[in-house]
Amino acid sequence: MSNRLPPAEPPQHAPVIRITAMPSDTNPAGDIFGGWLMGIMDMAAASAATRRARGRCATVAVEGMSFLSPVRVGDEVSCYAEIVSVGRTSMKVKVEAWRREREGEHMNRVTAAEFTFVALDQTGRPRPVPAA
Ligand SMILES: CC(C)(COP(=O)(O)OP(=O)(O)OC[C@H]1O[C@@H](n2cnc3c(N)ncnc32)[C@H](O)[C@@H]1OP(=O)(O)O)[C@@H](O)C(=O)NCCC(=O)NCCS
């Protein structure tokens, strides 16, 4: 799969998470660690899925994770999450992360992926996603 995505503008809706990349989020080379960003994207997707399913959910798959450009220490990272489809017990959530340089206005997309979440009951088994 190509790592290139078409040019885009930041989503018009509010981000689920907005956070500043800190020195503690770097890898040994001093660049922001991809796993840190994936964790934030998972949290954003989980928030959207849990809200839609009105209860406990778990990540079951992540597809099409693309790292498009680096994140630097001090960048403001915004994670946008949107439910794109709902199955019987599962939901697909599109997540994009955008960075803004700390001292500027320009934003660019740094990652995108599609997360699949499953709604769970109290015993951890799949349960139907309720009607919207
Ligand atoms: C979530 C979990 C309970 C689902 O159990 P399961 O036996 O796979 O359940 P099912 O086969 O009934 O599938 C449930 C739904 O998930 C979907 N699904 C399961 N695996 C999938 C995958 N790899 N990719 C996409 N969808 C998947 C199924 O299509 C089904 O969707 P639908 O009901 O909307 O048609 C189980 O996979 C699990 O506990 N996984 C670990 C979750 C977890 O710990 N996540 C955090 C990782 S640290």
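Keep in mind it's a predicted model, so treat the numbers as computed, not measured.

Visitor: Account for the side chain of Thr-116, naming residues and giving values.
Guide: Following the sequence through the fold, Thr-116 ends up in strand S5 (residues 107-119). For Thr-116, a relative accessible area of 7% gives the class buried. Engagement of the side chain of Thr-116 in a polar contact is seen with the side chain of Lys-92, the distance being 3.2 Å. If near-sequence neighbours (up to four positions away) are discounted, Thr-116 is found in contact with Ala-58, Thr-59, Val-60, Ala-61, Glu-63, Ser-90, Met-91 and Lys-92.

Visitor: Give me unusual backbone geometry: which residues, what numbers.
Guide: Positive phi outside glycine occurs at Arg-54, with the angle close to 50°. With respect to the element layout, Arg-54 can be found in the loop between helix H1 (34-53) and strand S2 (57-67).

Visitor: Now, about the nonpolar core: what can you tell me, with residues and values included?
Guide: The biggest cluster of nonpolar side chains holds 27 residues, and the ones touching the most others in it are Met-91, Val-93 and Phe-117. Broken down by secondary-structure element, the contributors of at least two residues to this core are H1, strand S3 (76-86), strand S4 (90-100) and S5. Per-element tally for this core: the top contributor is H1, with nine residues.

Visitor: How would you summarise the environment of Lys-92 if you had to cite specific residues and measurements?
Guide: Assignment of secondary structure puts Lys-92 in strand S4. By relative accessible area, Lys-92 is classed as partly exposed at 28%. Expressed as a C-alpha distance, the spacing of Lys-92 and Arg-102, which sit 10 residues apart in the sequence, is 31 Å. Discounting chain neighbours no more than four positions away, the residues touching Lys-92 are Glu-63, Glu-82, Ile-83, Val-84, Ser-85, Glu-114, Phe-115 and Thr-116.

Visitor: Account for the pattern of salt bridges, naming residues and giving values.
Guide: Think of it this way: side chains of opposite charge can pair up when their charged atoms draw near. Applying the stated rule across the entire model yields seven salt bridges. Where Lys-94 meets Glu-96, a salt bridge forms, and the shortest distance between an N and an O atom there is 3.8 Å. When its relative accessible area of 36% is taken as the criterion, Lys-94 is described as partly exposed. The salt bridge involving Glu-96 is made with Arg-109; its shortest N-O contact spans 3.2 Å. Here Arg-109 lies in strand S5 and Glu-96 lies in strand S4, a separation of 13 residues in the sequence. The structure contains a network of salt bridges with shared partners spanning Arg-18, Glu-76 and Arg-100.

Visitor: Which residues make up the site of the ligand, and what values go with them?
Guide: Surrounding the ligand, one finds 14 residues, the nearest of these being Thr-59, Arg-88, Thr-89, Ser-90 and Val-118. One of the backbone nitrogen or oxygen atoms of Thr-59 is found 2.8 Å away from a nitrogen atom of the ligand. At a separation of 2.6 Å, an oxygen atom of the ligand approaches a polar side-chain atom of Ser-90. Burial of the ligand by the protein amounts to 43% of the accessible area it has alone, namely 960 Å².

Basis of the calculations
Residues numbered from 1 in each chain as written. Predicted model: local features only at pLDDT ≥ 70, side-chain atom pairs only at ≥ 80, totals over all residues. Heavy atoms only, no water. Helix = DSSP H or I, 4+ residues; strand = E, 2+ residues; numbered from the N terminus. Buried < 20%, exposed > 50% of the residue type's maximum accessible area, 1.4 Å probe, protein only. Polar contact = N/O pair within 3.5 Å; in protein donor to acceptor, adjacent residues only side chain to side chain. Contact = heavy atoms within 4.5 Å. Core = buried A, V, L, I, M, F, W, Y, C linked by side-chain atoms within 4.5 Å. Salt bridge = Lys/Arg side-chain N within 4 Å of Asp/Glu carboxyl O. Near = heavy atom within 4 Å. Areas by Shrake-Rupley, 256 points an atom, 1.4 Å probe, with all protein chains shown as cover.

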